[in-house]
Amino acid sequence: NRPYRSTQHPPAHDLGSVPLPHHIHIIQLQQEMMQYDRIILGLCLSLSVSSTACLGFSPSVRTHAPKWMIQSQYQSQSLPARSSSSTLHAEKDSSDDASSTSSSLYQSVPSKKPFTFGILTSGFPPQQILVPVVKFVTFQVWRLMMNELVTHDEQGRFVRESFQAGNNPSPLDLPAAVGNDADSDGPRYKLYLGNPCPWCHRVKAAMALLELENDIPITMLIDNAEKASKGGWILPDPSPEDTKFAIADELTNGDLAGVYNYCYRDILEEGERYKGRCTAPLLVDVQSGTIVTNESNEIMILLNEYARRKREQSGDDAGVDLRPIGMEEELEKVTKQWFDLLWNGGYKCGFATSQVAYDEAAADVLKGLADMNEYLASNSYLVGDSITEVDLKNFAWVTRHDYAYTVIFKSPGGRIAQYPNIASYVKRMVSEHPALLDTVDMADACGSYYRQLFMLNFGRIVPYIPDIRDWVAGL
């Protein structure tokens, strides 16, 4: 369908008045026709490739009919009756034939469904190439994110680093008048805690059992890595007490990174930010604007020593002592034992980036569960005959084991209910100290692992998580 071209000579614009010889004009016309042929051939090839991709042809079977044609022909044929011995469907009387289709185990394809490329069904690219490539790429991306999140050794083992701030903290000062909520200048200290964090949970449990909520205000952080400038914690709106006592704005607004920057303002150069990890729990002296410590064990020791001195000053002998005098060495030893096997064992399973690292961590968890269940068969608590700081640390772990560690961290061993002595221990602990039930929102705490650790839960699906009271009742 080429346009008609006149055989008359074209105007001689560039050659003056000298007309082109007739055979030269014919050669030009043939060259133009060859160019048109190349364009048309290219268009045909492009259309054929596009049709092949859209219709789902496989390069190795292009002589076959398209898949959609084969499917339509197959569906139009009457299928032979299934054997009466089939166990997939229950036998029915002939009178129920009309309703048999409605009770099928299978669902019809929805009219509206998510868009797909149909790669696995089209056969192009070949599955033998596609699957290994996708697995390799996703694994490399996942491992990169895991290494950015936490520290690992060369074998892929999770290494829990110390991000301790504050050195050798002094004993906490008592209020000017025992019995008052705070000094006239406002509270001396402030605790920053996050509900999902087990290290924060142990500190909050200590605050509850020692009855120190009126002495040291608690700021409950919100886990929101998208809004935090660094780390994952942001601060809630300032409380009335924060406004009343004119606490520094950096300690009551923004995120936890801002608190660290403010507390290190005398060390950092102008415009410089704190380079360490901004972790919770965090105990701050709000009057001086400095960090007391961000290490949970140290905070629990300081709180217990503070509560003991407060009882002595008021002449009150009643109350819980989480760190009895003379038992410090044993408490440290038992803390190390359960930390290595269980409290940190779940994290070592979840953050492992190699099978060897996971297998080692899983073995520790299994040993820890068996050892603890055996020990509690003849003991009421983990150290001594009454509750101590070790039990509070264990309570923070056990409330997250079933619905966080065993699922998203792939921590082995099953549910706590499968270990009768551990289950009885938990029930006894909350029965004697019911305040523990209000120290954690279990659904929010466990759910945070699925919402925030997206590299372990790409779909961000949060499973069912019961209330802590329902969980304890089911043990």
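Refer to the structure above for everything that follows.
Residues numbered from 1 in each chain as written. Predicted model: local features only at pLDDT ≥ 70, side-chain atom pairs only at ≥ 80, totals over all residues. Heavy atoms only, no water.

**Some thoughts on the pairing of strand β4 (residues 218–223)**
Every second residue of β4 is oriented toward a common face, the buried set being Thr219, Leu221 and Asp223 and the non-buried set Ile218, Met220 and Ile222. In this sheet, β4 lies alongside strand β3 (residues 189–194) in parallel orientation, the contact comprising four bridges. Paired with Gly194 across the strands is Leu221, a residue of β4. The parallel pair β3 and β4 is bridged by helix α6 (residues 198–210), and the resulting crossover is right-handed. Relative to strand β5 (residues 233–234), β4 runs antiparallel, the two sharing two bridges. Among the inter-strand pairings, Asp223 is bridged to a residue of β5, identified as Trp233. (Buried < 20%, exposed > 50% of the residue type's maximum accessible area, 1.4 Å probe, protein only. Helix = DSSP H or I, 4+ residues; strand = E, 2+ residues; numbered from the N terminus. Pairing = 2+ DSSP bridges. Right-handed = clockwise from strand over helix to strand, strands pointing away.)

**Describing the sheet that holds β5**
Pairing between sheet strands relies on hydrogen bonds along the backbone, with the strands arranged either parallel or antiparallel. Read from one edge of the open sheet, five strands run β5-β4-β3-β6-β7, paired in mixed fashion. Either end of the sheet is taken by a strand with one partner, and the two such strands are β5 and β7 (290–293). Along the sheet, helix α8 (residues 256–263) makes contact with β3, β4, β5, β6 (282–285) and β7, crossing β6 at roughly 45 degrees. (Contact = heavy atoms within 4.5 Å. Axes fitted to C-alpha atoms, helices over the stretch in contact; angles between N-to-C directions.)

**Description of helix α12 (residues 355–375)**
With 21 residues, α12 extends 30 Å between its outermost C-alpha atoms, agreeing within 8% with the 30 Å of an ideal straight helix rising 1.5 Å per residue. Within the span of α12, buried status applies to Ala357, Ala361, Ala362, Val365, Gly368, Leu369, Met372 and Asn373. When α12 is viewed along its axis, its buried side chains cluster within an angular range of 125 degrees and face the same direction. Structural note: α12 exposes Gln355 and Glu374 on the side pointing more than 90 degrees away from its buried face. (Expected span 1.5 Å × (residues − 1). Arc of directions from axis to C-beta.)

**As for the pairing of β6**
A two-sided burial pattern is seen for β6, the buried positions comprising Leu282 and Val284 on one face and Leu283 and Asp285 on the other. One ladder, built from four bridges, connects β3 with β6; its direction is antiparallel. Note on β6: the bridge partner recorded for Leu191 is Leu283. With three bridges connecting them, β6 and β7 associate as antiparallel partners. Bridging across to β7, Asp285 finds its partner in Thr290. Hairpin connection, β6 to β7: the antiparallel pair is bridged by four residues, and Gly289 has positive phi, about 70 degrees.

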